[in-house]
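Below are the chains, spelled out letter by letter.
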Amino acid sequence: MNPMNEWHPNRKALERFFDGRMAEADSRAVERHLFTCPACEDRLLSLLPGQPKDEAGYGPLLRELLDEAQSEIGDRKSLLAREHREARGLWRELQELSPEQRLRRVGEDPRLHTWGMFELLLEESRPSGVEPLRAEEQLRLALELTDHLDPQRYGHGSVEAAKARTWAFLGNSLRLLSDFRKAEQAFQMAEMYFSQSWNDPLDEGLILDLKGSLRRTQRRFDEAVRLLDEAIGLFRALNEPHLQGRSLMNKGLVRQYAGDIPGAAVCFRDSLFLLDGDQEPRLVVAVQFNLINCLF
């Protein structure tokens, strides 16, 4: 996969976008790109001679699109906040059931078919909090839930994005269970669904980072470093220091496993400046331990 910031629409694509002759999925992709690429915004404005920019530097078309997007983002934040609150109570109900009953409930109960519940299942499946077998079970629940998410409610490409994220987490759990064949298949599914999704670069970085862990475990160190460098570049471009630090820590593990102790120490030391200890204190402790081990 290539980082999203390497893609730029050409003149013909911008003309189709402006004239409304572009497919909906492609139009949304161009909209997202224009909000983050001043060069392409200027190219679009060059097609509109005499159109002034406002104080923030936006032309009328881009200002209208930005205002609409900000309003939609505000509505979605309110919706997700409510869904997250409700998901906690529903999760307690699910925990009282057997695994088979949980799977059936997720498929049948419309109260569970929310993005908030989906994100909670992913959060509860994190390897640092549960055993890999339990994580796999919860991720299977999340996959079942994605079949019932409403794309009209959550936006174009949302279901595919949810599936891509879940398959990536599942691939990581299967890695921890040493089932490398199924882990490989899971990452293939993640990449397929990502290509059909709204192409969130955060999801792309997640897939790259977790796949890098698989390559590390398989001792395919050069490939692991390449994947992790792509993830680090994405997270840096998106101004996500904690995620950048996680991938840098992962790269340090690759260096350590490959016998490059000085290189590993540099990665661990640099990651400590990026990681958010309030967000993942155990991860910071793990990095400190690995750095001490390298220095020893």
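Since this is a predicted model, take the numbers as computed values, not measurements.

Engineer: Any chance you could explain the nonpolar core here in plain terms?
Structural biologist: Here is a general trend for soluble globular proteins: nonpolar side chains tend to be buried in one another's company. Counting residues in hydrophobic clusters, the biggest one holds 38 residues, and the most contacted among them are Met-117, Phe-118, Leu-121, Leu-145, Leu-149, Trp-167 and Ile-207. When contributions to this core are tallied by element, the ones reaching two or more residues are helix H4 (60-95), helix H6 (115-124), helix H7 (132-146), helix H9 (158-176), helix H10 (180-196) and helix H11 (201-217). Element by element, the count of residues in this core is highest for H9, at eight residues. What Phe-118 contacts, discounting residues up to four positions off in sequence, is Ala-142, Leu-145, Thr-146, Ala-162, Arg-165 and Thr-166. With 11 residues, the next largest nonpolar core counts Met-249, Leu-253, Phe-268 and Val-287 among its residues.

Engineer: Is there a simple way to think about the packing of aromatic side chains in this case?
Structural biologist: The description of an aromatic ring pair rests on the distance of the ring centres and on the angle between the ring planes. Per the counting criterion, the structure on display carries three aromatic pairs. Through pairs of rings, three or more aromatic residues link up here, namely Trp-115, Phe-118, Tyr-154 and Trp-198. When the ring centre of Tyr-193 is taken as reference, the NZ or CZ atom of Lys-163 above it lies at 5.7 Å.

Engineer: What's the story with the packing of H11 against helix H13 (residues 241-257) in this structure? I'm lost.
Structural biologist: Packed helix pairs are characterised by how far apart their axes lie and by the angle those axes make with each other. Axis separation between H11 and H13 bottoms out at 10 Å; the angle between their running directions is 15°. Judged on the interaxial angle alone, H13 and H11 are roughly parallel. The interaxial crossing formed by H11 with H13 has left-handed handedness. On H13, the residues that touch Leu-202, Asp-209, Ser-213 and Arg-216 of H11 are Leu-243, Arg-246, Ser-247, Asn-250, Leu-253, Val-254 and Tyr-257.

Engineer: It is not clear to me how the state of the cysteines should be interpreted in this structure. Could you clarify?
Structural biologist: Disulfides are covalent bonds that connect the sulfur atoms of two cysteines. Across all of its chains, the model carries zero disulfides by this definition. Distance from the sulfur of Cys-267, which forms no disulfide, to the nearest cysteine sulfur (Cys-294) is 9.3 Å. On the basis of relative accessible area, Cys-294 is assigned to the buried category, the value being 10%.

Engineer: Would you mind showing me how to read the side chain of Asn-250 here?
Structural biologist: Within the fold, Asn-250 resides in helix H13. By relative accessible area, Asn-250 is classed as buried at 4%. At a separation of 2.5 Å, a polar atom in the side chain of Asn-250 contacts the side chain of Arg-216. Leaving out residues up to four positions away in the same chain, Asn-250 has contacts with Asp-209, Ser-213, Arg-216 and Leu-228.

Engineer: Before we go on, may I ask you to explain unusual backbone geometry in this structure?
Structural biologist: Most peptide bonds take the trans form, and the phi angle of most residues other than glycine is negative. The phi dihedral of Arg-219 falls on the positive side, at around 65°, and the residue is not glycine. In this structure, Arg-219 sits in the loop between H11 and helix H12 (221-237). Relative accessible area serves as the criterion here: at 53%, Arg-219 is assigned to the exposed category. Residue Asn-239 is not a glycine yet carries a positive backbone phi of 55°.

Engineer: Explain H13 to me, please; I cannot follow it from the model alone.
Structural biologist: In an α-helix there are 3.6 residues to a turn, and that puts residues three or four apart on one side. Given a rise of 1.5 Å per residue, 17 residues ought to cover 24 Å, and the 24 Å separating the end C-alpha atoms of H13 matches this to within 8%. Of all the 17 residues making up H13, 12 are buried; the element is thus mostly covered by neighbouring parts of the structure. Listed in full, the buried residues belonging to H13 are His-242, Gln-244, Gly-245, Ser-247, Leu-248, Met-249, Asn-250, Lys-251, Gly-252, Leu-253, Val-254 and Gln-256. Looking at the buried side of H13, the elements it contacts are H11, H12, helix H14 (261-272) and helix H15 (281-295).

Engineer: Sorry, what's going on with the confidence of the model for the protein here?
Structural biologist: Low pLDDT marks stretches whose predicted atomic positions should not be read closely. When pLDDT is averaged along the protein, the result is 86, and 79% of the positions lie at 70 or above. Every residue in residues 1-6 scores below 50 in pLDDT, and together they form 15 contacts with partners more than four places removed in sequence or on other chains.

Engineer: What is the right way to look at the environment of Leu-238 in this model?
Structural biologist: Here Leu-238 lies in the loop between H12 and H13. For Leu-238, a relative accessible area of 32% puts it in the partly exposed group. Along the primary structure Leu-238 and Leu-202 are separated by 36 residues, whereas in three dimensions their C-alpha atoms are 8.0 Å apart. When near neighbours in sequence (up to four residues on either side) are disregarded, Leu-238 contacts Pro-201 and Leu-202.

Scoring rules and cut-offs
- Residues numbered from 1 in each chain as written.
- Predicted model: local features only at pLDDT ≥ 70, side-chain atom pairs only at ≥ 80, totals over all residues.
- Heavy atoms only, no water.
- Core = buried A, V, L, I, M, F, W, Y, C linked by side-chain atoms within 4.5 Å.
- Buried < 20%, exposed > 50% of the residue type's maximum accessible area, 1.4 Å probe, protein only.
- Helix = DSSP H or I, 4+ residues; strand = E, 2+ residues; numbered from the N terminus.
- Contact = heavy atoms within 4.5 Å.
- Phe/Tyr/Trp six-rings, centres within 6.5 Å; stacked < 30°, edge-to-face > 60°.
- Lys NZ or Arg CZ within 6 Å of the ring centre and 35° of its normal.
- Axes fitted to C-alpha atoms, helices over the stretch in contact; angles between N-to-C directions.
- Parallel < 35°, antiparallel > 145°, perpendicular 65-115°, else oblique.
- Left-handed = near helix turned anticlockwise from the far one by under 90°.
- Disulfide = S-S within 2.5 Å.
- Polar contact = N/O pair within 3.5 Å; in protein donor to acceptor, adjacent residues only side chain to side chain.
- Expected span 1.5 Å × (residues − 1).
- pLDDT = per-residue confidence, 0-100.

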